[in-house]
Amino acid sequence: MALKEITLEELQPEQFIAEQVEAIRSIVGSSTAINALSGGVDSSVVTLLGHRALGDRLKTYFIENGIMRQGEPEYIVSLFTKLGIPVELFDARAQFFGALKGLTEPEEKREAITQTFYKQVFGALVKESGAKYLLQGTNYTDVEETVAGVKRQHNILEQLGIDTEAAFGYKVIEPVIQLRKPAVRLVGKALGLPEAIYNRPPFPGPALAARVIGEVTPDRIAVVREATEIVEHELKTTGAFQYLAILHADKVTGVRAGKRDYGLQVEVRCWESSDAQTGQPTRLPYETLERLADRITSEVSGVVSVTYNITRKPPSTIEAV
Ligand code: XMP
């Protein structure tokens with residue numbers, strides 16, 4: 001891969017920030033840019049770098065795709081507003097659920113999300129705003145995994161030979177593409193992001209859709225969203241790299257109030273990792289696992305089974321889709 005990583009040891013955050021701000025300014029010139037803030041570390045860092053470079057010539061959107069966590073759009077928009085960065089909420093729920101309807105294959109779902117993001121949503125926003133550039137938070141691991149053929153991350157375009165200008169009508173700028181997650185966090189800290197953001201566990205671009213096996217519908221997203229709330233609440237003090245809930249496609253027989261209840265299965269994963277390239281499941285205390293099972297089966301409607309995944313990456317991946 002021609003792209004060169006800037007390792008954590010090599011990174012000098014202040015110098016990196018100055019260089020990226022300069023690079024964004026020189027590429028965009030007197031033109032304008034847009035970016036989508038998801039609230040993850042990568043897109044938050046890019047939002048701050050972009051605003052330093054371009055001020056109000058960068059317009060930041062939060063795309064409400066319907067597949068985010070509970071309360072996420074409001075939380076992120078208000079947090080960045082407090083940081084002095086206006087963020088416009090763009091409702092694209094109908095487009096995303098429309099594109100995902102009937103799809104069950106992981107790569108087809110990812111492709112549907114990619115096309116909806118880049119063609120439909122950003123295509124329309126670029127047209128509306130007159131911007132020529134899209135800033136996005138692709139990082140080194142995203143590129144590496146996609147190029148190696150592990151999993152096509154939804155935000156990889158040019159590295160796969162996609163000419164975004166021809167395909168979608170805008171150019172993509174990727175300021176943190178040479179950094180892995182720990183280095184992005186250091187840059188976030190140096191930029192003055194609150195710790196709640198720069199130390200946030202990673203969350204995938206395709207959001208909860210990466211955690212629904214089989215068809216992604218508003219109802220199935222609601223189930224995984226509620227289970228995610230519980231898992232994040234119960235595991236936030238573990239210090240683990242990432243923890244998540246996955247909704248399975250198949251049902252299993254359970255029993256409730258003495259009657260057969262053919263219901264849903266949720267799988268919990270909790271990872272120790274430094275860069276998401278490899279990972280080990282956290283050795284959670286049994287009491288924690290029991291509490292997760294009790295809470296998810298009693299609070300999330302329709303769930304009769306909760307499992308904990310004990311597989312390492314590889315051969316597992318962190319997400320299920
Ligand atoms: P996997 O599942 O490939 O995940 O082991 C590695 C890391 O990347 C995140 N992830 C994604 N992030 N778009 C993203 O922006 C994606 O399509 C995607 N898939 C996985 C995952 O949460 C983990 O941190």
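Refer to the structure printed above.
Residues numbered from 1 in each chain as written. Predicted model: local features only at pLDDT ≥ 70, side-chain atom pairs only at ≥ 80, totals over all residues. Heavy atoms only, no water.

## Let's talk about the packing of helix H10 (residues 218–235) against helix H11 (residues 286–299)
- Relative orientation of the contacting elements H10 and H11 amounts to 155 degrees, with a least axis distance of 10 Å. In terms of their interaxial angle, H10 and H11 are classed as roughly antiparallel. As H10 packs across H11, the resulting crossing turns out to be right-handed. The segment H10 lies against H11, with Glu226, Ala227, Ile230, Val231, His233, Glu234 and Leu235 engaging Thr288, Arg291, Leu292, Arg295, Ile296 and Glu299. (Axes fitted to C-alpha atoms, helices over the stretch in contact; angles between N-to-C directions. Helix = DSSP H or I, 4+ residues; strand = E, 2+ residues; numbered from the N terminus. Parallel < 35°, antiparallel > 145°, perpendicular 65-115°, else oblique. Left-handed = near helix turned anticlockwise from the far one by under 90°. Contact = heavy atoms within 4.5 Å.)

## Brief notes about the pattern of salt bridges
- On inspection of all chains with the given rule, the structure shows 15 salt bridges.
- Between Glu72 and Arg69 there is a salt bridge whose closest N-O contact spans 3.8 Å. For the pair formed by Glu72 and Arg69, the shared burial category is buried.
- Asp91 is paired through a salt bridge with Arg93; the nearest N and O atoms lie 2.9 Å apart. (Salt bridge = Lys/Arg side-chain N within 4 Å of Asp/Glu carboxyl O. Buried < 20%, exposed > 50% of the residue type's maximum accessible area, 1.4 Å probe, protein only.)

## Overview of the side chain of Arg200
- Within the secondary structure, Arg200 is located in the loop between helix H9 (195–198) and H10.
- Classification of Arg200 as buried rests on a relative accessible area of 12%.
- Among the polar contacts made by the side chain of Arg200, one reaches the side chain of Glu72 at a distance of 2.7 Å.
- Setting aside anything within four residues of it in sequence, one finds Arg200 in contact with Gly39, Gly40, Val41, Arg69, Glu72, Tyr75, Ile76, Arg185 and Glu195. (Polar contact = N/O pair within 3.5 Å; in protein donor to acceptor, adjacent residues only side chain to side chain.)

## Section: the sheet that holds strand E3 (residues 87–91)
- With respect to topology, five strands assemble into an open sheet ordered E3-E2-E1-E4-E5, the strand pairing being parallel. Each edge of the sheet is formed by a strand with only one pairing partner; in this case those strands are E3 and strand E5 (171–173). Strand-to-strand twist of the sheet, defined as the mean angle between neighbouring strand axes without regard to direction, takes the value 35 degrees.
- Contacting strand E1 (33–36), strand E2 (58–64) and strand E4 (133–135), helix H2 (residues 41–54) crosses the sheet at an angle of about 155 degrees to E2.
- Across the face of the sheet, helix H5 (residues 106–129) comes into contact with E1, E2, E3 and E4 while running at roughly 140 degrees to E2. (Pairing = 2+ DSSP bridges.)

## Overview of the layout of surface pockets
- The computed volume of the largest pocket comes to approximately 440 Å³.
- Of all elements in the fold, only helix H3 (72–82) and H10 reach the threshold of two or more residues within the lining of the largest pocket.
- By residue number, the principal contributor to the lining of the largest pocket is H10, which donates four residues.
- Broken down by class, the residue content of the lining of the largest pocket amounts to five nonpolar, six polar and six charged.
- Per-domain counts for the lining of the largest pocket show at least three residues from each of domain 1 (13–198) and domain 2 (212–308).
- If you trace the second largest pocket, you find it lined by Gln280, Pro281, Thr282, Arg283, Tyr308, Ile310 and Arg312.
- Broken down by class, the residue content of the lining of the second largest pocket amounts to three nonpolar, two polar and two charged. (1 Å grid on protein atoms, 1.4 Å probe; cavity = no way out; pocket = protein on both sides within 12 Å on 5 of 7 lines; lining within 4 Å. Points joined across faces, edges and corners; volume = space filled by probe spheres on them. Nonpolar A, V, L, I, M, F, W, Y, C, P; charged D, E, K, R; others polar. Domains from an automatic or database assignment.)

These values are about where atoms sit, not about what they do.
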